[in-house]
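Each chain, written out:
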Amino acid sequence: YSLTSIPDYYGIDSLLTEEHKLIRQSVRDWVESFVMPQIDHAAQNHTDIPNLMKELGQIGALGPYIPVEYGGSGLDQISYGLIMQELERGDSAVRSAASVQSSLVMFPINKFGSEEQKRKYLPKLAAGEMIGSFGLTEPNHGSDPGSMETNFKDMGDHYLLNGAKMWITNSPLCDIAVVWAKNEEGKVQGLIVERGMEGFTTPETHNKWSLRASKTGELVFNNVKVPKENLLPGVTGLKGPLSCLNSARYGISWGVIGAAIDCYCTAVQYSKERKQFGKPIGSYQLQQKKLAEFLTEITKAQLLCLQLGNLKNEHKATPAQISMAKRNNVKMAIDIARESRQILGGMGIMGEFPMMRHAANLESVITYEGTHDVHLLITGLDITGINAF
Ligand code: TGC
Ligand code: FAD
């Protein structure tokens, strides 16, 4: 499909600045030239995309809102969202790589790190010369990270870290991991663990049917000696990791619009070209209903994100508002991926078209960063004041 067919049904572009549109265009162009030609191969073969992080660094997609003095681009939250949208039009694995590095690794170092930590890690992370991962989830504690078992003890001149994290994006590739663990008082704190520290391993998780172009694995800590200067000094408690999630969930809300757009545009074009019973399938009411509903849902999701971005720029977005957008938009995108695949009939199962890949990817996206049901419970709590977890 032509990039000019990407929908802006409510003229939302008129609410963006010229800078926003330029940023979006440059990421869109990069996705067309770098991601699209190789993404099906990477996903089919369950391999990562060579040089992805450095490329993402070069286009400014790593830490877009991190201050320029630490290697970021100092952009606003709408720019961050638009970048995520364009990356995920390519593939959720590409957006995931940028999400984790930006919101889950650079964000906590920038917000909770010491000046030395910021100077040591942020510029390299922004350039993609260093790859970060984020360890919150454990084998026995996913939706309920507050029950985590990973812990560290103060040994005088260092900390001793023990435990394991599971389902960690980019763990097999990472140079550093921001790891959330309990101190001796049972309070959650963040530690920067570096590859090469004795007792730290990152086994890969194989055989995924989803996010196949992204590496996932474990972070295992067996008496790892972590230097004291690697503790994030600025936060104690679960609100540390959860505030990173606010940023990542916000980016996902935008990102999945990109996946939905890729499916929608592909389906519109196919429905006009493919003929059955002597007429294009797009001339039949059943197919038009699908397309009309896709466009309606994409438009609603775009408006939700734009206003959430405005609130975020003003530091007014609440975690519950972000949960609503993450939950609504991921469901919107996975529904569009599944339904649009049907419009392509048998062709819809093929790698030449993106629907199966997006639909399979979105099974992870609807689970990570808080499951669909967990976000509903967060909204329920916000409405009633009653915790139903
Ligand atoms: P609860 O008692 O509600 O809260 C504990 C403390 O945290 C504060 N808090 C938040 N702070 C900032 N932002 C938020 N969104 C926050 N939500 C809660 C809260 O105020 C409290 O602070 P304080 O000072 O009183 O101690 O927590 P709970 O134990 O009842 O648990 C509920 C919760 C929030 C953990 C649950 O709702 C939840 O969100 N579970 C989902 C876990 C999750 O999202 N994991 C994601 C792992 S990372 C990931 O998936 C990366 S995928 C990346 C990719 O590849 O793109
Ligand atoms: P569980 O918490 O065991 O949930 C299982 C089911 O029970 C879900 O349907 C859930 O909604 C439901 N449930 C749970 N509690 C309740 C309740 N109170 N009421 C009703 N229903 C409930 N984590 C990281 O820390 N870093 C990463 O980089 C990362 N990357 C990931 C990449 C991939 C590809 C995947 C799949 C996951 C990743 N995760 C990561 C982990 C992800 O955040 C967790 O999978 C997610 O939070 C859910 O945890 P769980 O898998 O343990 O499911």
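As annotated in an unreviewed UniProt entry, the protein is glutaryl-CoA dehydrogenase (ETF) from Chryseobacterium takakiae. According to the UniProt record, the Catalytic activity (unreviewed entry) comment for the protein reads "glutaryl-CoA + oxidized [electron-transfer flavoprotein] + 2 H(+) = (2E)-butenoyl-CoA + reduced [electron-transfer flavoprotein] + CO2". Under the Sequence similarities (unreviewed entry) heading, UniProt states for the protein: "Belongs to the acyl-CoA dehydrogenase family."

A word on the overall build of the protein. Counting secondary structure elements, the protein contains 10 helices and nine strands. In terms of its C-alpha atoms, the protein occupies a principal-axis envelope of roughly 80 × 45 × 40 Å. Put simply, the protein has 389 residues, and 50% of those count as buried. Long-range pairs, those at least 24 residues apart, make up 75% of the contacts in the protein between residues at least 6 apart in sequence.

Here we take up the site of ligand 2. Not every one of the 20 residues close to ligand 2 is listed here, only the nearest: L136, T137, G142, S143 and T371. Of all the elements, strand β3 (residues 158-169) adds the most residues to the shell around ligand 2, at three residues. Considering only residue class, the shell around ligand 2 consists of nine nonpolar, nine polar and two charged.

As a structural note, the neighbourhood of ligand 1 is formed by 25 residues, with G146, T169, P319, Y368 and G370 the closest of them. Elements with a minimum of two residues in the shell around ligand 1: α4 (92-112), α6 (239-273) and α10 (372-384). Sort the elements by how many residues they give to the shell around ligand 1 and α6 lands first, with six residues. Its residues placed into classes, the shell around ligand 1 shows 13 nonpolar, 10 polar and two charged.

Turning our attention to the UniProt feature "domain: Acyl-CoA dehydrogenase/oxidase C-terminal" (unreviewed entry) in the protein. According to UniProt, the positions carrying the feature "domain: Acyl-CoA dehydrogenase/oxidase C-terminal" (unreviewed entry) are residues 237-378. As a span, residues 237-378 carries 75% helix and 3% strand, and end to end its C-alpha atoms are 19 Å apart.

Next up on the list: unusual backbone geometry. Phi at W167 is positive, roughly 65°, even though this residue is not glycine. Residue position: W167 is located in strand β3. Using a count of 18 C-beta atoms within 10 Å as the deciding quantity, one classes W167 as partly exposed. With phi around 70°, N170 is a residue other than glycine that occupies positive phi space. Residue placement: N170 occurs in the loop between β3 and β4 (176-182). Residue class for N170 comes out buried when judged on the 26 C-beta atoms lying within 10 Å of it.

Bringing the nonpolar core into the picture now. Among the nonpolar cores identified, the biggest contains 107 residues, and L191, V193, A260, Y264, A333 and L362 are the most heavily contacted of them. For this core, the element with the highest residue contribution is α6, accounting for 17 residues.

This part is about the pairing of strand β1 (residues 132-135). The side chains of a regular strand alternate, first on one face of the sheet and then on the other. With burial as the criterion, each face of β1 is covered, one bearing G132 and F134 and the other bearing S133 and G135. Looking at chain direction, β1 and β4 are connected through four bridges and run parallel. Residue pairing for β4: G135 is matched across the bridge by V179.

Here the focus is α6. For α6, which comprises 35 residues, the first-to-last C-alpha distance of 51 Å matches the rise-based estimate of 51 Å (1.5 Å per residue) to within 8%. Burial within α6 is extensive, with 29 of its 35 residues counted as buried.

A few words now on the UniProt feature "domain: Acyl-CoA oxidase/dehydrogenase middle" (unreviewed entry) in the protein. Cross-referencing UniProt, the feature "domain: Acyl-CoA oxidase/dehydrogenase middle" (unreviewed entry) maps to residues 133-224 in the present numbering. In this annotation, residues 133-224 is assigned 0% helix and 48% strand; the end-to-end C-alpha distance for the span is 17 Å.

Another point: the packing of helix α3 (residues 77-90) against α4. Viewed as axis vectors pointing N to C, α3 and α4 meet at an angle of 145°, and their least axial separation amounts to 5 Å. In this structure, α3 contributes M84, L87, E88 and G90 to the contact, and α4 contributes S92, V94, R95, A98 and S99. Of the residues belonging to the contact of α3 with α4, the class tally is four nonpolar, three polar and two charged.

Quick look at the environment of N313 now. Checked against the element boundaries, N313 lands in helix α7 (residues 285-313). C-beta crowding within 10 Å serves as the criterion here: with 15 such atoms nearby, N313 is assigned to the partly exposed category. Sequence separation between N313 and R89 is 224 residues; the distance between their C-alpha atoms is 24 Å. Among all residues touching N313, those that are not within four sequence positions of it are D76, Q77 and I78.

Looking now at the environment of L376. Mapped onto the fold, L376 is located in helix α10. Linking L376 and I334, residues 42 residues apart in sequence, is a C-alpha distance of 17 Å.

Our next topic: the pairing of β3. Of the strand pairs in this sheet, strand β2 (residues 151-154) and β3 are connected by four bridges, and their pairing is antiparallel. Of the residues in β3, the one forming a bridge with K153 is L160. The turn joining β2 and β3, which pair antiparallel and follow one another in sequence, is formed by three residues; a positive phi near 95° is taken by G156. As judged from the nine bridges shared by β3 and strand β7 (residues 216-227), these two strands associate in the antiparallel manner. When the sheet's bridge partners are listed, L161 is paired in β7 with V224.

Conventions used here
- Residues numbered from 1 in each chain as written.
- Chains lettered and ligands numbered in written order.
- Predicted model: local features only at pLDDT ≥ 70, side-chain atom pairs only at ≥ 80, totals over all residues.
- UniProt positions renumbered as here; feature names shortened; annotations may be inferred.
- Helix = DSSP H or I, 4+ residues; strand = E, 2+ residues; numbered from the N terminus.
- Buried ≥ 20, exposed ≤ 12 C-beta atoms within 10 Å, placed from the backbone.
- Contact = placed C-beta atoms within 7 Å.
- Near = placed C-beta within 6 Å.
- Nonpolar A, V, L, I, M, F, W, Y, C, P; charged D, E, K, R; others polar.
- Core = buried A, V, L, I, M, F, W, Y, C linked by C-beta atoms within 7 Å.
- Pairing = 2+ DSSP bridges.
- Expected span 1.5 Å × (residues − 1).
- Axes fitted to C-alpha atoms, helices over the stretch in contact; angles between N-to-C directions.

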